[in-house]
Amino acid sequence: QAWLPVPVATIGEPRDCRAWFVGGMGAVWWILLAQLPVVLSTQSVAAHSAAAALAALQDVQRIEQRILDDEGRRISSGDVGPLEAYSFVHQSLGLLFDTSLAALRHAVAASPQKELMVEAASLERQLRELLIGHFKEPLFFWHGPKWLIKSKLLRLLGSGPWHEKLKELSEVPVVATDLLGDKAASKEAAQPLLQDSKVPAIGLAVDDTFCSPGGSCNLVEELTALSQLGKESGKASKVHLLILPCPEETLKKIRDALVAATGLPKLFVSVSLPGELLEAAGPGPEAMKPERIAKLMEDYIRDIQKAVGLTIGLVWMPYAAFKKQFWPGTQKMLGKTRSWDYGIHAEVSTPAVAKKLLDRSPKPTAWLTSDDFLRPANEEAVAATLQAGIACVSLPRKEAVAANLTALYFSDEASWPLPWAWHRGLTASVPLGATATLKAPQLELLKAVAFAASHLDLPAKPTGFPLQAALYDARSTLKAAEVSIGVLPPSTQPETKSTFSPGVSTKTLTGLDEKAKIFKANDHIIYAEDFFDVPTFAAIKEETQRLWRSTDIEANCNLDGKNRLGGYIMDLIPQNSSLYRLIYGNDPFRQWVSAVNAEGPMWPSDFPIELREYGMDSKGMGCHPDLQMYKVPRKDLEFAFTVDNDSRCNVTFWDAAGKLHSVQTKPNSLMMVGVNAATHCVSPTEGGSRSILKFIYVGDYRKSNQFWHYTSNECDDTNPNRQMLDDRRAQRLREVRSAEL
């Protein structure tokens with residue numbers, strides 16, 4: 001039920017985020033719509049694109065549920081804390097965003113709906129920004145961005161006229177040659193594999209789902225089958241066993257399975273180090289010393305070797321190992337005598353990045369990269385890497401192998417084509433549980449699906465085939481909608497008693513130009529009362545009351561429980577009452593933020609919402625500017641939304657002219673503050689209490705160097721805030737039971 005359609009008010013993306021539709025400007029809207037380019041597709045192209053959009057939409061829902069299940073399993077087992085699962089879902093999240101982009105763009109290629117193009121363009125822009133950040137490092141808490149993405153995607157494609165049109169088109173028979181045109185009979189020259197590579201041309205990737213509930217245990221059988229394919233193809237006499245980051249228990253399961261096997265094929269074993277390993281070194285110059293980093297990695301590799309009990313031929317170093325702060329330690333460790341070669345496990349989007357990453361001393365043996373139909377390895381980067389004498393290893397994401405969209409393009413959902421990697425010069429690997437095949441796919445056709453999912457800027461129009469041309473036109477249409485429309489469209493789905501959509505008050509959406517000026521004059525701080533509309537505020541208040549009684553708050557270990565009580569709000573079981581839906585899935589609110597900040601479109605951050613209370617004995621909070629968490633300061637905004645306040649607590653701040661302001665924040669009021677900007681303070685409560693929600697919106701998901709220092713949240717039951725949070729939970733539950741008697 002996580003993906004039940006949630007209607008969202010249709011709101012466009014203004015050119016400068018300040019031109020707003022608040023009244024009778026419908027005529028302006030329709031004139032601007034009429035100026036958008038129209039995608040013209042042949043019948044087969046439209047039919048295929050419609051089927052692809054619907055297939056990708058199904059994949060998005062399946063991938064999201066799988067991420068939720070995986071995250072929940074890890075947290076409930078105690079393997080990770082509620083705020084520590086981000087590195088394990090990193091690859092799946094990338095696929096979720098890639099697939100969402102592919103669904104949206106295929107839908108536009110099939111049948112663009114002009115009245116929805118602004119909303120579609122806004123969603124496309126957010127997905128692209130998420131992927132730009134995702135390429136650099138993991139999203140920390142994905143539940144915030146998720147709600148806005150899924151509500152928009154389902155509103156656009158999950159139901160309504162566009163959905164019905166896609167269903168109608170998908171029933172039309174497709175003539176394959178119509179999709180490729182003149183390219184149908186062409187054959188692209190193959191990129192040869194690296195000669196004398198130490199990494200075999202065929203491999204099996206095993207992760208921590210090996211022999212877990214729902215995971216495959218057929219390790220030996222699949223290694224044997226790949227060995228046979230290697231012989232049939234003449235590509236490999238050994239099989240590459242690629243062991244991705246796993247706990248010690250899983251490594252021992254792998255060892256036991258191999259030891260017990262008879263007739264095992266010849267293996268080349270590699271292991272991959274987790275990206276979060278180096279972050280565990282902690283902050284500060286002492287933790288960054290090369291000797292400490294080198295020892296941290298040496299100890300970890302030694303523990304892997306001991307647990308797996310196999311001869312390791314290659315160790316994959318994570319992207320983090322090559323960052324400025326970690327590279328001296330990594331280089332020191334690699335300079336020592338060792339029995340294994342090393343490779344780099346990282347995604348590279350351009351040849352320049354590949355050169356910067358791979359041009360190292362000592363020289364890496366190989367480069368391991370995510371590589372599937374939706375996100376193929378960059379061709380130029382692969383060519384440059386092979387020319388440097390470094391092998392390229394393809395690692396398809398597990399969910400991509402079983403995707404409906406993959407099956408549509410490859411026309412065989414039961415297997416994964418090894419020749420696709422070989423043809424492009426990469427050694428092939430498949431995830432455990434996938435069936436490999438020597439059947440070669442239509443390479444030109446696969447370029448179209450990759451183009452549909454690309455987060456890179458739209459290139460000059462290629463001389464492509466009909467399907468790719470239609471997708472290019474679709475992306476051009478979305479780009480035009482993003483930059484050319486400067487007013488909000490009239491709502492196309494009015495709210496009814498049965499369809500609640502989170503929103504803001506009418507008052508909030510008036511005078512936005514003036515509010516943007518006030519925000520700037522105040523040194524990037526603004527206070528607004530009666531902010532959310534009545535139903536949304538009532539839902540927020542009801543949900544915060546439920547949260548105090550629940551276990552859905554993870555105590556903030558940095559609070560003392562007396563001056564400030566509370567913690568981070570979890571969202572492990574999606575529900576419509578979720579604050580992430582009410583605030584992060586609230587597109588009118590997002591538009592208000594974008595307009596008042598006036599620095600381009602803004603979106604929910606990947607940092608969790610926090611529920612805090614300044615209790616009766618609270619001394620408030622000292623004067624401070626908000627710290628920068630994301631890369632671009634003017635696109636990094638923090639919020640304090642007041643839920644309840646019966647105290648004398650005031651918030652004071654100094655504006656850009658040095659004038660002191662004092663505000664007693666009312667329920668349903670919001671304060672938006674830019675980072676590195678206005679200094680503000682919170683006074684003592686003097687007997688009452690004030691509860692607030694703290695959260696962040698961003699216009700760029702790339703992190704500042706300080707971001708990860710604020711993600712650590714480890715404390716035991718002796719932490720005073722954790723104790724008082726437990727006491728509060730018990731108290732609120734007693735109050736509920738008492739009221740029921």
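Note that the coordinates shown come from a computational prediction; the quantities given were computed from them, not determined experimentally.

Participant: Is there a simple way to explain the sheet that holds strand E21 (residues 680-682) in this structure?
Facilitator: Pairing between sheet strands relies on hydrogen bonds along the backbone, with the strands arranged either parallel or antiparallel. Reading across the sheet, the four strands line up as E16-E21-E18-E19 and stay open at both edges, with antiparallel pairing between neighbours. Whereas interior strands pair on both sides, the edge strands pair on one side only; in this sheet they are strand E16 (621-624) and strand E19 (660-663). Shown here is a sheet whose adjacent strand axes are inclined to one another by a mean of 15 degrees, direction ignored.

Participant: I tried to follow the packing of aromatic side chains on my own but got confused; where do I start?
Facilitator: How two aromatic rings sit relative to each other is set out by the distance from centre to centre and by the angle between their planes. Evaluation of the coordinates by the stated rule reveals 34 aromatic pairs. Judged by centre distance (6.1 Å) and plane angle (10 degrees), the rings of phenylalanine 451 and tyrosine 472 are stacked. Taken together, the positions of phenylalanine 451 in helix H18 (residues 443-453) and tyrosine 472 in helix H19 (residues 466-484) put the pair 21 residues apart, joining distant regions of the chain. When sorted by exposure, phenylalanine 451 lands in the same class as tyrosine 472, which is buried. Ring geometry for phenylalanine 531 and phenylalanine 532: centres 5.1 Å apart, planes at 80 degrees, overall edge-to-face. The burial state of phenylalanine 531 is the same as that of phenylalanine 532; both residues are buried. Of the aromatic side chains, those joined through ring pairs into one cluster are Phe141, Phe531, Phe532, Phe537, Tyr580, Tyr584, Phe589, Trp592, Phe639, Phe641, Phe695 and Tyr697. Across the ring face of tryptophan 147, the terminal group of lysine 150 is positioned such that the distance to the ring centre comes to 3.8 Å.

Participant: What am I meant to see in helix H21 (residues 534-549) here?
Facilitator: Helical periodicity: at 3.6 residues per turn, an α-helix aligns residues three or four positions apart in one direction. Look at H21: 23 Å from first C-alpha to last across 16 residues, which is about the 22 Å you get at 1.5 Å a residue. What H21 keeps buried is the set Thr536, Phe537, Ile540, Glu543, Thr544, Leu547 and Trp548. Here the buried residues of H21 occupy an arc of 140 degrees about the axis, which is enough to place them on one side. In H21, the exposed residues that point more than 90 degrees away from the buried face are Val534 and Glu542.

Participant: I keep staring at the confidence of the model for the chain and nothing clicks. Help me out?
Facilitator: It should be kept in mind that the predicted coordinates are not to be read in detail where pLDDT is low. Residue-level pLDDT values for the chain average 87, and 90% of them are 70 or greater. When the criterion is pLDDT under 50, residues 1-33 qualifies, and its contacts beyond four places in sequence or with other chains add up to 101 contacts. Predicted confidence is poor over residues 484-498, with pLDDT under 50, and the contacts of this stretch with residues over four places away or in other chains come to 43 contacts.

Basis of the calculations
- Residues numbered from 1 in each chain as written.
- Predicted model: local features only at pLDDT ≥ 70, side-chain atom pairs only at ≥ 80, totals over all residues.
- Heavy atoms only, no water.
- Pairing = 2+ DSSP bridges.
- Helix = DSSP H or I, 4+ residues; strand = E, 2+ residues; numbered from the N terminus.
- Axes fitted to C-alpha atoms, helices over the stretch in contact; angles between N-to-C directions.
- Phe/Tyr/Trp six-rings, centres within 6.5 Å; stacked < 30°, edge-to-face > 60°.
- Buried < 20%, exposed > 50% of the residue type's maximum accessible area, 1.4 Å probe, protein only.
- Lys NZ or Arg CZ within 6 Å of the ring centre and 35° of its normal.
- Expected span 1.5 Å × (residues − 1).
- Arc of directions from axis to C-beta.
- pLDDT = per-residue confidence, 0-100.
- Contact = heavy atoms within 4.5 Å.

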